[in-house]
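One letter stands for each residue in the lines below.
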Amino acid sequence: MEMQPLLMNTPSDDDGDAELGVLTRARTKRPPLYKVMLLNDDYTPMEFVVHVLERFFGMSHAEAFEIMLTVHKKGLAVVGVFSHEIAETKVTQVMDFAQRHQHPLQCTMEKE
Ligand code: TYC
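Rules used in this analysis
- Residues numbered from 1 in each chain as written.
- Predicted model: local features only at pLDDT ≥ 70, side-chain atom pairs only at ≥ 80, totals over all residues.
- Heavy atoms only, no water.
- Salt bridge = Lys/Arg side-chain N within 4 Å of Asp/Glu carboxyl O.
- Helix = DSSP H or I, 4+ residues; strand = E, 2+ residues; numbered from the N terminus.
- Buried < 20%, exposed > 50% of the residue type's maximum accessible area, 1.4 Å probe, protein only.
- Phe/Tyr/Trp six-rings, centres within 6.5 Å; stacked < 30°, edge-to-face > 60°.
- Patch = residues over 30% accessible without salt bridge, like charges linked within 9 Å, V, L, I, M, F, W, Y side chains within 5 Å.
- Areas by Shrake-Rupley, 256 points an atom, 1.4 Å probe, with all protein chains shown as cover.
- Near = heavy atom within 4 Å.
- Polar contact = N/O pair within 3.5 Å; in protein donor to acceptor, adjacent residues only side chain to side chain.

Side chains that differ in sign of charge can pair as their charged atoms come close. Summed over all chains, the structure comprises one salt bridge. Two residues, K35 and E110, come together in a salt bridge whose shortest N-O distance is 3.2 Å. On the criterion of sequence distance, the pair formed by K35 in strand 3 (residues 34-39) and E110 in strand 5 (residues 106-111) is long-range, its members being 75 residues apart. Owing to a relative accessible area of 39%, E110 belongs among the partly exposed residues under this scheme.

In this structure the tally under the stated criterion is three aromatic pairs. Each ring, one from F48 and one from F97, has its centre 5.3 Å from the other, and the planes form 10 degrees; the classification is stacked. Taken together, the residues F48 in helix 1 (residues 46-57) and F97 in helix 3 (residues 84-100) connect sequence positions 49 residues apart. Residue classification places F97 among the buried residues on the basis of a relative accessible area of 4%. Judged by centre distance (5.4 Å) and plane angle (75 degrees), the ring pair of F56 and F97 falls under edge-to-face. Placement of F56 in helix 1 and of F97 in helix 3 is noted, with a sequence separation of 41 residues between them. The same class applies to F56 and to F97, which are both buried. In this structure an aromatic cluster arises from ring pairing among F48, F56 and F97.

Together, L33, V78 and V81 make up a nonpolar patch on the protein surface, roughly 210 Å² of accessible area in all. By secondary structure assignment, the location of V81 is in strand 4 (residues 76-82). On the basis of relative accessible area, V81 is assigned to the partly exposed category, the value being 36%.

Attention shifts here to the site of the ligand. The full set of residues close to the ligand is L38, L39, N40, D41, T44, M46, V49, M68, V71, H72 and L105. Measuring from a nitrogen atom of the ligand, one finds a side-chain N or O atom of N40 at 2.7 Å. A distance of 2.7 Å separates a nitrogen atom of the ligand from a polar backbone atom of D41. In the complex, the protein chains occlude 89% of the 350 Å² of accessible area that the ligand would expose alone. At the level of secondary structure, the elements contributing two or more residues to the shell around the ligand comprise strand 3, helix 1 and helix 2 (61-74).

Written out as structure tokens, the structure reads:
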């Protein structure tokens, strides 16, 4: 976490606590992160899921194969953690791609 600057209120800032010489720390809040998950089904071909993981999540073939097998055996797996906007984009890309190829593959996101 980065150090935040200290902002000292000057006598002229007219915010009520200036005269008290109050030091306030400018606080930053980390944006929430979202887990993107792939769900198992009985119909989507294994090779298609591997391709999705390579194409949209930048995984190597070996990595993608391993995660695909985890989803196949356990029912689901987290395939990445992203900001809200990026997570939403990934889910949309995967869902559109699956639909275009007429596979029932499901991809969802959930706040971490
Ligand atoms: N269960 C599928 C099959 O046996 C493979 C599969 C893996 C489907 C992962 C979806 O997210 C998934 N063909």
